[in-house]
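This is what each chain is made of:
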Amino acid sequence: MTQTIRVDIVSAEAEIFSGDATMVVATGELGELGITPRHAPLITRLKPGHVDVVLAGGERQQFWVSGGILEVQPQVITVLADTAARAADLDEVSAQRAKKEAEDALANRTDAMEIAEAQAKLVQAMTQLQALERLRKNLRH
């Protein structure tokens, strides 16, 4: 029997996923993390980007987070994010528009606060587009 661990992905708005998995892959501050059952306890910050959850049958569910915290406990992996979505629910047109608006704001910057806000929006839009591309690649295989 395949070993699994419970995974909860939660945003400020709602619970996005709760179920058993054989592996979770996410982007931490220091790079890519692969968490499997019996992993050592861990707390780390997540960068904006993808979170992949591999279910017991091998099915891969993909999510996008705006950043957040990943906590690994003996019986559960928890992803806490301000914003999270299933990759399939992301809207490419909206992400492209947000990317363009952020790039325009950076080109027309006036103060440090506006620059930081535009950079954060640009990172979010770009990571959403990357999550969509990863989803497309996995659907082709």
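The structure we're discussing is the one just above.
Notes on the structure follow. These numbers were taken from a predicted model, which means no experiment stands behind them. As a convention, each chain's residues are numbered from 1 in the sequence order in which they are written. Two thresholds apply to this predicted model, a pLDDT of at least 70 for residue-level local features and 80 or more for giving and counting side-chain atom pairs, whereas whole-chain, interface and lining totals are computed over all residues. Values reported for side chains reflect all heavy atoms of the structure, with hydrogen atoms and water molecules removed beforehand.

## Some points on the overall build of the protein
Along the backbone of the protein there are 2 helices and 9 strands. For the protein, the succession of helices and strands along the chain, N to C, is β-β-β-β-β-β-β-β-β-α-α. Taken over 141 residues, the protein has a buried fraction of 40%. Contacts between residues were defined by any pair of non-hydrogen atoms, one from each residue, lying within 4.5 Å. The long-range share in the protein, meaning contacts at least 24 apart out of those at least 6 apart in sequence, stands at 52%. Each helix is a run of DSSP H or I of at least 4 residues and each strand a run of E of at least 2, with the numbering of both proceeding from the N terminus. Only protein chains enter the accessibility calculation, which uses a 1.4 Å probe; a residue is then buried when its area is under 20% of its type maximum, exposed when over 50%, and partly exposed in between.

## Description of the pattern of salt bridges
Any two side chains of opposite charge can pair, given that their charged atoms come close. When a carboxyl oxygen of Asp or Glu lies within 4 Å of a side-chain nitrogen of Lys or Arg, that pair is called a salt bridge. Taken as a whole and assessed by the stated rule, the structure comprises 3 salt bridges. For Arg-45, the salt bridge goes to Glu-29, with nearest N and O atoms at 3.3 Å. On the criterion of sequence distance, the pair formed by Arg-45 in strand S5 (residues 42-54) and Glu-29 in the loop between strand S3 (23-28) and strand S4 (31-35) is long-range, its members being 16 residues apart. On the basis of relative accessibility, which here comes to 41%, the residue Glu-29 falls in the partly exposed class. With its nearest N and O atoms 3.1 Å apart, the salt bridge here joins Asp-52 to Arg-60. With relative accessibility at 0%, the residue Asp-52 sits in the buried group. Residue Arg-60 is classed as partly exposed on the basis of its relative accessible area, which comes to 42%.

## Some details on the side chain of Thr-44
Relative to the assigned elements, Thr-44 resides in strand S5. Thr-44 has contacts with Leu-33, Gly-68, Ile-69 and Leu-70, leaving out every residue within four places of it along the chain.

## Remarks on the environment of Glu-133
Checked against the element boundaries, Glu-133 lands in helix H2 (residues 112-140). Each C-alpha atom, one on Glu-133 and one on Ala-87, is 9.4 Å from the other, the two residues being 46 residues apart in sequence.

## Considering the side chain of Asp-52
Structurally, Asp-52 is set in strand S5. Reaching out from Asp-52, the side chain makes a polar contact with the side chain of Arg-60 at a distance of 3.1 Å. Pairs of N or O atoms within 3.5 Å make up the polar contacts considered here, provided that, within protein, one atom can donate a hydrogen while the other can accept it, and that residues adjacent in sequence are counted only when both atoms are side-chain atoms.

## Concerning unusual backbone geometry
Look at Arg-38: it is not a glycine, yet its phi comes out positive at around 75 degrees. Tracing the sequence through the fold places Arg-38 in the loop between S4 and S5.

## Quick word on the pairing of S5
Direction of pairing for S3 relative to S5: antiparallel, over a ladder of 5 bridges. Pairing of Val-25 across the sheet is with Asp-52, part of S5. With 5 bridges connecting them, S5 and strand S7 (residues 68-72) associate as antiparallel partners. Of the residues in S7, the one forming a bridge with Thr-44 is Leu-70. One ladder, built from 6 bridges, connects S5 with strand S6 (residues 60-65); its direction is antiparallel. Looking across to S6, one finds that Asp-52 is bridged to Gln-62. Following DSSP output, two strands are said to pair if at least two bridges run between them. Here S5 hands over to S6 after 5 residues, with Gly-58 in that stretch at a positive phi of 95 degrees.

## Let's talk about the pairing of S7
Two elements, S7 and strand S8 (residues 76-81), share 4 bridges in a ladder whose sense is antiparallel. Bridging across to S8, Val-72 finds its partner in Ile-77. Remark: 3 residues form the turn of the hairpin made by S7 and S8, two consecutive strands paired antiparallel.

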